[in-house]
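# Inside the fold
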Amino acid sequence: MPQTSIEKIIAAHADTEKFKPGDIVQCIPDLVLGHDLTAPHAISVFDHFGIKNIRSPEKLVLVHDHFQPAKDIPSAELSKSMREFAIKHGIQKHYDVGRGGICHIIMLKRGLIVPGMLIAGADSHTLTAGAVSAIGVALGATDLASVWALDEFWIDVPKTIKITLVGSPANWVCGKDIIITVLKRIGPEGAVGCAIEYDGSAFDTLPMVDRITIANMSAETGATTCTITASETADEFLRSVTGKKGINFAPDPDAEYADTIAIDVSKLSPVVAAPPSPSNAVPVDILSEVKVDQVFLGSCTNGTIDDFRRFVEVLGENKFNSSTRVIAIPGSNEDYVLAEKEGLLKRIAEAGGAVSTSCCGPCVGGHYGVLAKDEVCLSTANRNFPGRMGHTESEVFLGSPAIAAATAVRGYITHPGEVAG
């Protein structure tokens, strides 16, 4: 039976190669991810049932990334349980404060994920693995404990939606604008029960940072997983971080898709996702009267060194608006060190911004920038639901690092071309 690339990856990890969408198959993952908001609960379940050993400890990835450094006693206790568990079971891929960053970014930066892999992760944005032609499937915390014990889990094989991106993006259009446009096209729940397979000529020129953003925010469609076709930019990235090539699974020519969508990215312009949904795409120019109290640069969506370069490129020698707080958090320790070496962090600090330890920060309303009632934030993160970054009556707009920089300078949502020239 002809298969999509996602079905081929599932088949390579399943107990059978003969299945169709809707079938439930048993799979063995290559890596199993947990962080300080999900792993502690899995640990309590693991211990409650008296399980003594992890089936494949070399597959476990444990990352302290949400409330880091610990913001209070409860968050300190969560991290403590992870540290003790990692020591007890000899977990080598254990990334604590100052040694890691945000789980999805460090898994890519450390070369842990290569094409063809299947990642099981207790986080909704595990789909980020699709950036390197792998697939990531999100699990619940209880499921995580089960995978630790059994080294297997069940997948309800999804139908596949094919999204073809063609053309080359115009100036200031990047992965964030593309994925927000995709979300508007198919809706915030348009891919529930499905997987997304991206291909097309646009990926011949889109840099790795845009692949990461597109894969990451595909979670906002409700998709089970996603993957992006191989490209030279992805191959170059993989050569720089790992000596492993992996397997690029190409779809069969006659593979069946639940839907096919084509988008010409050369016709797109910079957009912002206005509250209350990541799919609420609005041209940035229309929002020029929206005053912003805070700008956040970071998260697993746009926290890489390339995102910081784009931000500072637009910032130039400008200062941030005196009424706008700017918080910048590199997504990994590697990105932090590079950004410091290149003077990016210094430029942000000189402009009046605050730079913090690599972590998720205010993305989930955790700390390092929680919003008060009626405050407005322009964020490079992936979600803007009511209460996502603080008070339920605050507002969050989602935009690219370029839009974030221009907005921080003007104090109002601003097209990057107006500041960068």
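Everything below is about the structure shown above.
Note that this is a predicted model, so its numbers are computed, not measured.

Let us now look at the nonpolar core. One finds Ile 113, Leu 165, Tyr 198 and Ile 214 to be the most contacted residues of the largest nonpolar core, which totals 66 residues. At six residues, the largest contribution of residues to this core is made by helix H6 (residues 175-186). Not counting the four nearest positions on each side in its chain, Leu 165 is found in contact with Ile 178, Asp 199, Gly 200, Ser 201, Ala 202, Phe 203, Ile 214, Ile 263 and Val 265. Among the nonpolar cores identified, the runner-up in size contains 36 residues, and Ile 6, Phe 46, Ile 91 and Ala 149 belong to it.

Residue placement: Val 32 occurs in strand S2 (residues 31-35). Those residues in contact with Val 32, other than ones at most four positions away along the chain, are Lys 59, Leu 60, Val 61, Ala 120, Leu 144, Val 147 and Trp 148.

All right, on to the packing of H6 against helix H7 (residues 208-217) then. Pairs of packed helices are described in terms of their axes, by the angle between the two and the distance that separates them. Closest axis-to-axis distance for the H6/H7 pair is 8 Å, and the angle between their directions is 25°. By the angle class used here, H6 and H7 are roughly parallel. The two elements H6 and H7 cross, and the hand of that crossing is right-handed. On the side of H6, the interface is formed by Gly 175, Lys 176, Ile 178, Ile 179, Ile 180 and Leu 183, while H7 contributes Asp 210, Thr 213, Ile 214 and Met 217. Residue classes in the contact of H6 with H7 are distributed as six nonpolar, two polar and two charged.

Definitions and limits used
Residues numbered from 1 in each chain as written. Predicted model: local features only at pLDDT ≥ 70, side-chain atom pairs only at ≥ 80, totals over all residues. Heavy atoms only, no water. Core = buried A, V, L, I, M, F, W, Y, C linked by side-chain atoms within 4.5 Å. Buried < 20%, exposed > 50% of the residue type's maximum accessible area, 1.4 Å probe, protein only. Helix = DSSP H or I, 4+ residues; strand = E, 2+ residues; numbered from the N terminus. Contact = heavy atoms within 4.5 Å. Axes fitted to C-alpha atoms, helices over the stretch in contact; angles between N-to-C directions. Parallel < 35°, antiparallel > 145°, perpendicular 65-115°, else oblique. Left-handed = near helix turned anticlockwise from the far one by under 90°. Nonpolar A, V, L, I, M, F, W, Y, C, P; charged D, E, K, R; others polar.

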